[in-house]
Amino acid sequence: MPDYGLPLQFGTFITPANQKPDVPVALAKLSEQLGFDLVTFQDHPYQPSFLDTWTLMTWVAAQTSTIHIAPNVLNIPLRPPAVTARAAASLDLLSGGRFDLGLGAGGFWDAVEAMGGRHLTPGQGVDALSEAIDVIRGIWAAGDRAPLVVDGDYYHLHGAKRGPAPAHEIPLWIGALKPRMLRLTGRKGDGWLPSLAYLGPGGYAAGNQVIDDAALGAGRDPREIRRLTNISGQFARANGGFLVGPSDQWVDELLPYAVDDGVSTFILAGDDSAAMQRFAEEVAPALREAVRRERASAGTDVSVVKRASVLAARRDGIDYGRVPAGLTAIEPGDLGFADVRSTYMRGGSPGLVLRPADTAQVVEALAFAKTQNVALAVRSGGHGISGRSTNDGGIVIDLGAMNAIEVVDEAARRIRVQPGARWMDVAAALEPYGWALSSGDYGGVGVGGLATAGGIGFLAREHGLTIDHMVSAEVVLADGSVVTASDDENPDLFWALRGAGANFGIVTSFDFEVDEVGPVGYAQLAFDATDTAAFLENWGAAVEASPRDLTSFLIMGAPRAGQPAVAQLISVVDSDDPDTVIERLQPLADLAPLLQQSVQILPYAAVMANASDAPHRGQGEPRSRSGLIEHLTPEFSRAVETMLASGDVHFFAIRSVGGAVADVDPDATAYAHRTANFSVAALGSDGERLDRAWHGLHGHFAGLYLSFDTDQSPERLTDAFPEATLARLRLLKTRFDPQNTFRDNFNIV
Ligand SMILES: Cc1cc2nc3c(=O)[nH]c(=O)nc-3n(C[C@H](O)[C@H](O)[C@H](O)COP(=O)(O)OP(=O)(O)OC[C@H]3O[C@@H](n4cnc5c(N)ncnc54)[C@H](O)[C@@H]3O)c2cc1C
């Protein structure tokens, strides 16, 4: 295999001399300006005339923006691998994925020993480096929940915490010359990085053979291993020997290394800015073109090579080779998989996560998914409870990258929001205009899932549901067509989207008309609710009696031994007048002994800024039941008290609805239970016990809000939709999604 077909790269090899510390930095910046792909630095920590290479690389990373940075090569005997892994991942994150890692087993043993390093024989150095690679890769495996244990001859890690994962798949390039190091490179490396000067004639071919055999022996494709080389020479008018001569001579002399020996990265040493310029302007483009021509005539395979570990992690039923080009696709073996596999509440192991960037790519992703014989999930913010936006072995279309928020008509307060935006981002984007759109109580929830279900939020009684503000939506239907749904276009679809939307397509953008909302009163009150039934009944009555500018949510948990039952109220008053805020809150504050209280006047965006940016790490399968109810009657409140006393519910919430929500005609949207004043939800960890505990409540409900129920039995459909609504939804489902492509949600069958 003479040419491994990898894209050509060019780099520089800078001496980290510290006499004039600006010089290596300036040469690194020049490398970037000249268009080099890579700047590298030797690492000799025992050398007093050198800057410390890590410190220099960090400094350079901060002063450049596109060029990759690498040690050439890092002295592992003086760099503890676990710390090296964290440093590398950190620099990669800080530099936006621009760090690559050259590794060496060390040399200059006297100097290493003098610095406190362990004196290793050459053979031991290889074994130590092999263990170091395991440590480095183990630390980077941030998605692996088991702590890292390495019980080697040289390195002992007893349960190290993993992470951070780097920003990109950092390649490990090994500075190898002798057969054992070459075999290690073939088994574990991502690149071979020798200096050309140290390889005799035929040295590349012989080294490649050893590497390739070792790679194949380890079940790897030799193309996984990039061949790099450090080169030096002089530009001169006439041919004065190898790489001493004019630019075209350089091209002629380097070309065989590329096409016969498979070298795809040439790194120029010499610290000579004029030579760097000639190389970048005259050698690199000509060599690139010459290699392109040779490859075209030889029919060289230049396809992207996937690591053996990625191929091994692939799942059955997905034709990975046919994923549409240009679509971001994350596979189980890929670095970023840990961040996209699960959702907020649910652990998942999908076979493929597709992250479209626009509507056209959503169409492509859906068309591909439909040809694969596996489950399909649609994800926006990943907070689905009834909606399953992850799966096991299936495909996820993750709209997280489609998260734009724009004002399309300021006079009409009309905004356009893509489904992957989170409600905290929407609130923040609207705040400068003095606007808000009622959403839910948690800023991390995605626009796509909530705006297709209802949206019971902190402003609900004054401003209605989120769906009540929807003016139109762009939808990719099951057959791949892209349609607009509004009162004028596809009005049936528009009706269905607002309450049962997940069943009908993938919404790629929403237009909403938003309201003027200034700062709001935000109250967090905790009560001794020992008499739980009385507390619930009185709270319900107080909320119903209150003007619409108050919306109040209640949270309770399982009883705790020796402690009173505690009820927390999170309430928003849509007013920035302290007197009004207090007036609305006082009836609530009088309900029972207050254990804690906090009342602030805040922008609505600050209320919603309550979620983190961390990737979802949900585990297991949530169990949740829900219902809609008009009044918190004494009977219902007593049933709740009994349910909570069972200990089988660890989270119980009641969100107030009513007010503006009830102004909308029940037939106007698929969310039809408009007369309900409260939405009730309970979560437990054991489904059967939760159902048993919930049983006593069920008879009190007049409807169900589909976002909060994980029960998939057919009765829940009739709970969620009145008969006429359900009949119309079923008819529309057969029209818009006859094959039930969109079924991993609260499914209308
Ligand atoms: C912590 C928390 C707090 C919550 N608080 C509230 C609240 O106060 N009020 C409230 O009303 N709800 C609340 N919810 C429920 C929430 O609204 C729903 O779970 C919603 O579906 C989440 O939307 P998402 O985009 O984040 O979820 P995802 O998990 O991404 O999606 C959920 C489901 O919605 C469907 N879906 C997602 N995107 C689209 C799209 N673009 N087009 C069509 N279908 C799509 C899919 O079927 C998917 O399975 C809360 C949920 C959580 C976890």
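Residues numbered from 1 in each chain as written. Predicted model: local features only at pLDDT ≥ 70, side-chain atom pairs only at ≥ 80, totals over all residues. Heavy atoms only, no water.

Colleague: Even after reading the chapter, I still don't get the overall build of the protein, so can you show me in this structure?
Modeller: Looking only at helices and strands, one finds 24 helices and 31 strands in the protein. Along the longest, intermediate and shortest principal axes, the C-alpha atoms of the protein span 95 × 55 × 50 Å. With 749 residues in all, the protein has 55% of them scored as buried. Looking at the protein alone, contacts between residues at least 24 apart form 73% of all its contacts between residues at least 6 apart. Carbon and sulfur atoms make up 51% of the accessible area of the protein, which amounts to about 30400 Å² in all. (Helix = DSSP H or I, 4+ residues; strand = E, 2+ residues; numbered from the N terminus. Buried < 20%, exposed > 50% of the residue type's maximum accessible area, 1.4 Å probe, protein only. Contact = heavy atoms within 4.5 Å. Areas by Shrake-Rupley, 256 points an atom, 1.4 Å probe, with all protein chains shown as cover.)

Colleague: Help me understand the site of the ligand in this model?
Modeller: Lining the immediate environment of the ligand, one finds 35 residues, of which Ser-380, Gly-384, Ser-389, Gly-446 and Tyr-705 sit closest. A distance of 3.2 Å separates an oxygen atom of the ligand from a polar backbone atom of Arg-388. For the ligand, an oxygen atom lies 2.6 Å from a polar atom in the side chain of Ser-389. Here the ligand, which alone exposes 940 Å², has 95% of that area covered by the protein. (Near = heavy atom within 4 Å. Polar contact = N/O pair within 3.5 Å; in protein donor to acceptor, adjacent residues only side chain to side chain.)

Colleague: Which parts of the structure should I look at to understand the pairing of strand S3 (residues 68-71)?
Modeller: Sheet faces and side chains relate simply in a regular strand, where the side chains alternate between the two faces. As judged from the four bridges shared by strand S2 (residues 38-41) and S3, these two strands associate in the parallel manner. The residue of S3 that forms the bridge with Leu-38 is His-68. What joins S2 to S3 is helix H2 (residues 53-63), and the crossover it makes is right-handed. (Pairing = 2+ DSSP bridges. Right-handed = clockwise from strand over helix to strand, strands pointing away.)

Colleague: For this particular structure, what's the right way to read the nonpolar core?
Modeller: Within soluble globular proteins, side chains that are nonpolar tend to cluster in buried spots. Of all hydrophobic cores here, the largest spans 81 residues; its most connected members are Leu-101 and Phe-279. Leave out the neighbours within four places in its chain, and Leu-101 touches Pro-71, Leu-74, Thr-84, Ala-88, Ile-136, Trp-140, Ile-170, Pro-171, Leu-172 and Trp-173. Counting 70 residues, the second largest nonpolar core, distinct from the first, contains Ile-415, Phe-553, Leu-602 and Phe-746. (Core = buried A, V, L, I, M, F, W, Y, C linked by side-chain atoms within 4.5 Å.)

Colleague: For this particular structure, what's the right way to read the sheet that holds strand S14 (residues 328-330)?
Modeller: Pairing between the strands of a sheet comes from backbone hydrogen bonds, and it takes one of two forms, parallel or antiparallel. Strand order in this open sheet of four strands is S14-S15-S17-S16, and the pairing throughout is mixed. In this open sheet, the two edge strands, each paired with only one partner strand, are S14 and strand S16 (376-379). Looking at each pair of strands side by side, their axes are set apart by 20° on average, direction ignored. As judged from the three bridges shared by S14 and strand S15 (residues 352-355), these two strands associate in the antiparallel manner. Bridge pairing in S15 places Ala-329 opposite Leu-354. (Axes fitted to C-alpha atoms, helices over the stretch in contact; angles between N-to-C directions.)

Colleague: I'm lost on the packing of H2 against helix H3 (residues 81-94) in this one. Help?
Modeller: How two helices pack is summed up by the angle between their axes together with the distance between the axes. Relative to each other, H2 and H3 sit at 15°, their axes nearing to 11 Å. Compared by their axis directions, H2 and H3 come out roughly parallel. For the element pair H2 and H3, the recorded crossing hand is left-handed. Facing H2, whose interface residues are Trp-54, Met-57, Thr-58 and Ala-61, H3 presents Thr-84, Ala-87, Ala-88 and Leu-91. For the contact of H2 with H3, the residue count by class is six nonpolar, two polar and no charged. (Parallel < 35°, antiparallel > 145°, perpendicular 65-115°, else oblique. Left-handed = near helix turned anticlockwise from the far one by under 90°. Nonpolar A, V, L, I, M, F, W, Y, C, P; charged D, E, K, R; others polar.)

Colleague: I tried to follow the pairing of strand S30 (residues 651-656) on my own but got confused; where do I start?
Modeller: Of all the six residues making up S30, five are buried; the element is thus mostly covered by neighbouring parts of the structure. Of the strand pairs in this sheet, S30 and strand S31 (residues 678-684) are connected by six bridges, and their pairing is antiparallel. By the bridge assignment for S31, Ser-656 is matched with Phe-678.

Colleague: Any chance you could explain unusual backbone geometry here in plain terms?
Modeller: Generally, phi is negative for residues other than glycine and the peptide bonds are trans, each holding for most cases. Of note, the amide linkage connecting Asn-72 to Val-73 takes the cis form, showing an omega dihedral of -5°. Inspection of the secondary structure assignment puts Val-73 in the loop between S3 and strand S4 (74-75). Following Gly-163, the chain continues to Pro-164 via a peptide bond in cis, the omega torsion being 0°. Phi is positive for Asn-490, which is not a glycine, with a value near 45°.

Colleague: Would you take a moment to explain the packing of aromatic side chains for this structure?
Modeller: We describe a pair of aromatic rings using the distance from one ring centre to the other and the angle between the two ring planes. This structure, assessed with the given rule, holds 23 aromatic pairs. Note on Phe-636 and Phe-701: the rings are 5.7 Å apart at their centroids and 70° apart in plane angle, and the pair reads as edge-to-face. Highlighted residues: Phe-636 in helix H20 (residues 634-645) and Phe-701 in the loop between helix H22 (687-698) and helix H23 (714-720), separated in sequence by 65 residues. Side by side, Phe-636 and Phe-701 carry an identical accessibility label, which is buried. Note that Arg-227 overlies the ring of Tyr-4, its terminal NZ or CZ placed 3.9 Å from the centroid. Here the basic side chain of Arg-498 rests over the ring of Phe-494, its NZ or CZ set 3.7 Å away from the ring centre. (Phe/Tyr/Trp six-rings, centres within 6.5 Å; stacked < 30°, edge-to-face > 60°. Lys NZ or Arg CZ within 6 Å of the ring centre and 35° of its normal.)

Colleague: I would appreciate a short explanation of H20 in the present structure.
Modeller: Taking 1.5 Å per residue, 12 residues should reach 16 Å; H20 reaches 17 Å between its end C-alpha atoms and fits that length. Listing the buried residues of H20 in full gives Phe-636, Ser-637, Ala-639, Val-640, Met-643 and Leu-644. Viewed end-on, H20 has its buried residues packed into an arc of 160°, placing them on one side of the element. In H20, the exposed positions that point more than 90 degrees away from the buried face belong to Thr-642 and Ala-645. Looking at the packing, one finds that the buried side of H20 touches helix H17 (532-545), strand S26 (550-556), strand S29 (623-629), S30, S31 and H22. The positive-phi residue at the C-terminal boundary of H20 is Gly-647, with phi of around 80°. (Expected span 1.5 Å × (residues − 1). Arc of directions from axis to C-beta.)

Colleague: In this structure, what is going on with the pattern of salt bridges? I would like to understand it.
Modeller: Any two side chains of opposite charge can pair, given that their charged atoms come close. Tallying each qualifying case throughout the model produces 44 salt bridges. Across the pair Asp-3 and Arg-295 runs a salt bridge, and its minimum N-O distance is 2.8 Å. On the criterion of sequence distance, the pair formed by Asp-3 in the segment before strand S1 (9-14) and Arg-295 in helix H9 (residues 273-298) is long-range, its members being 292 residues apart. The class for Arg-295 is buried, based on a relative accessible area of 11%. Where Arg-315 meets Asp-392, a salt bridge forms, and the shortest distance between an N and an O atom there is 2.8 Å. Taken together, the residues span a long stretch of sequence, with Arg-315 in the loop between helix H10 (308-312) and S14 and Asp-392 in the loop between S16 and strand S17 (395-398) at a distance of 77 residues. (Salt bridge = Lys/Arg side-chain N within 4 Å of Asp/Glu carboxyl O.)

Colleague: Sorry if this is basic, but what is going on with helix H24 (residues 723-736) here?
Modeller: Owing to its 3.6 residues per turn, the α-helix brings residues three or four apart onto one side. A rise of 1.5 Å per residue sets the reference length of H24, with its 14 residues, at 20 Å; its end C-alpha atoms lie 20 Å apart and thus fit the reference within 8%. When we look at burial in H24, the residues that qualify are Thr-725, Leu-726, Leu-729, Leu-732, Lys-733 and Phe-736. One side of H24 holds all its buried residues, which, seen down the axis, span an arc of 130°. Turned more than 90 degrees from where H24 packs its buried face, Glu-723, Ala-724, Leu-731 and Thr-734 sit exposed.

Colleague: In this structure, what is going on with the packing of H17 against H20? I would like to understand it.
Modeller: Where H17 meets H20, the axes come as close as 8 Å, and the angle between the chain directions of the two elements is 135°. It follows that H17 is oblique to H20 by the angle criterion. In the crossing of H17 with H20, the sense of the turn from one axis to the other is right-handed. Contacts from Thr-532, Ala-533, Leu-536 and Glu-537 in H17 reach Pro-634, Ser-637, Arg-638, Val-640, Glu-641 and Leu-644 in H20. Class assignment for the residues of the contact of H17 with H20 results in five nonpolar, two polar and three charged.

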